Amino acid sequence: MTTTAEISPAARRSAELDAETTADASRFRILTGDRPTGPLHLGHYFGTLHNRVRLQRRGVRLGLVIADYQVLTDRDVTDDLDSHVLGLIADYLAAGIDPDEAMIFTHSSVAALNQLLLPFLSLVTVPELQRNPTVKDEIAHSRQSGVSGLMFTYPAHQAADILFCKANLVPVGSDQLPHLELTRTIARRFNDRYGRVFPEPEALLSSAPLLLGTDGVKMSKSRGNAITLGATASETARAIRGAKTDAQRHITYEPQARPEVASLVLLGALCSGQEPAELAEGVGSGGAAALKSLVTEAVNSHFAPLRARRAELAADPGYLRGVLARGNARAHERAEATLAEVREAMGTVYGVSR
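None of these values were measured; they are calculated from a predicted model.

Reading guide: rules and limits
- Residues numbered from 1 in each chain as written.
- Predicted model: local features only at pLDDT ≥ 70, side-chain atom pairs only at ≥ 80, totals over all residues.
- Heavy atoms only, no water.
- Phe/Tyr/Trp six-rings, centres within 6.5 Å; stacked < 30°, edge-to-face > 60°.
- Helix = DSSP H or I, 4+ residues; strand = E, 2+ residues; numbered from the N terminus.
- Buried < 20%, exposed > 50% of the residue type's maximum accessible area, 1.4 Å probe, protein only.
- Expected span 1.5 Å × (residues − 1).
- Bend = angle between axes of the 7 residues up to and from the residue.
- Axes fitted to C-alpha atoms, helices over the stretch in contact; angles between N-to-C directions.
- Left-handed = near helix turned anticlockwise from the far one by under 90°.
- Contact = heavy atoms within 4.5 Å.
- Nonpolar A, V, L, I, M, F, W, Y, C, P; charged D, E, K, R; others polar.

Q: Help me out: how do you make sense of the packing of aromatic side chains in this one?
A: For any two aromatic rings, the description comes down to two numbers: the centre-to-centre distance and the angle of the planes. Within the structure shown, the criterion is met by seven aromatic pairs. With a centroid separation of 5.4 Å and 75° between ring planes, the pair formed by F105 and F164 is classed as edge-to-face. Of this pair, F105 sits in strand β3 (residues 103-106) while F164 sits in helix α9 (residues 154-164), placing them 59 residues apart in sequence. The buried category is assigned to F105, whose relative accessible area is 0%. Chaining the aromatic ring pairs together yields one cluster made of F120, F190, Y194 and F198.

Q: Explain α9 to me, please; I cannot follow it from the model alone.
A: Given 3.6 residues per helical turn, the α-helix brings residues three or four places apart onto the same face. With 11 of 11 residues buried, α9 is to be regarded as a mostly interior element. For α9, the full list of buried residues reads Y154, P155, A156, H157, Q158, A159, A160, D161, I162, L163 and F164. One or two steps after α9, the chain reaches K166, where phi turns positive at roughly 60°.

Q: How should I be thinking about helix α2 (residues 42-58) in this particular structure?
A: For α2, which comprises 17 residues, the first-to-last C-alpha distance of 23 Å matches the rise-based estimate of 24 Å (1.5 Å per residue) to within 8%. Taking the largest bend as the criterion, α2 deviates by roughly 35°, centred on T48. Of the positions making up α2, those classed as buried are L42, H44, Y45, F46, G47, L49, R52, V53, L55 and Q56. Trailing α2 by a residue or two, G59 shows a phi angle of about 110°, which is positive.

Q: Could you clarify how one ought to interpret the packing of helix α12 (residues 259-272) against helix α14 (residues 287-314) in this entry?
A: Between two packed helices, both the angle of their axes relative to each other and the distance between the axes serve to describe the pair. Two numbers describe how α12 lies on α14: the axes approach to 8 Å, and their chain directions differ by 35°. Considering how the two elements wind past one another, α12 and α14 form a crossing that is left-handed. Contact residues: α12 offers V261, L264, V265, L267, G268, C271 and S272, while α14 offers L291, K292, V295, A298, V299, H302 and F303. Of the residues contributing to the contact of α12 with α14, the split by class is 10 nonpolar, three polar and one charged.

Q: Please explain the environment of P255 as it appears in this structure.
A: Inspection of the secondary structure puts P255 in the loop between α11 (233-241) and α12. The spatial distance from the C-alpha of P255 to the C-alpha of L266 is 9.2 Å, given a sequence separation of 11 residues.

Now the structure itself:
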């Protein structure tokens, strides 16, 4: 398990990297993405989407993989995959991602990317895959009765996602550091064995606070406790009215002692531009009803422009498919070029005049 001592140097390095993206954004290429298992929610927005937009506007080159193959790591079928993929693209663009600058693509459309998985698997051992703590946790919460080969090799597949476009910066939470470390290991071992082809990507740790779902646990697509980016004002109001709080009437911001109340306070603060303690003090003895009313108004006001834009995008699936087609073409070109370098380095270029 990753310890605090291990995370602390990573956090310091992450702060340095964030400053460097301001000074010289052109040095950096980011690869990140999502599994198309449902619409993105407010936790995704404040946790990742907002940061992606911020970095892209600085001039960092951004790749977004819609990890459709990874849907199968813990599921037997790919229900509604087409609509989920288009929904993700609508979420990205509505949040402010520029499709002319970002490379948005799906796993299944880039064969050369997936072909990197084979040589990468030769660079890691079974015990290294077995002891990856993130995979252990994902297996423990899997929907499948047995562990699929795809789930087991997920870290190597993720390494292919990152390295095919030679990303050198990866936004992650601290729980994802073991995944990224294995990517760095694969890159280093390939370079040592065959000659330098890949960078060793570094982590840009998320400083985003954790938003709880309406049931008081982590906001999640699968738990049905999330407020989606595309939710209507009335759907938002209904979800917040039903959110779990506690029996104390006076509202304070105490994340450790009162996590459910604190999460609502934090959400209202993020949407209104206030400090959480200031917002809580303003509600005071008004209780949970007053807090929920204030948070509902703040969320609906903050996300009204995004939701209007998202509705426009969702109404034009042809445009969304065009965005994906262009992104897939760019990713295909990039992956083919990287695979050609890999073949040259490994000496597997056969039947070609030199």
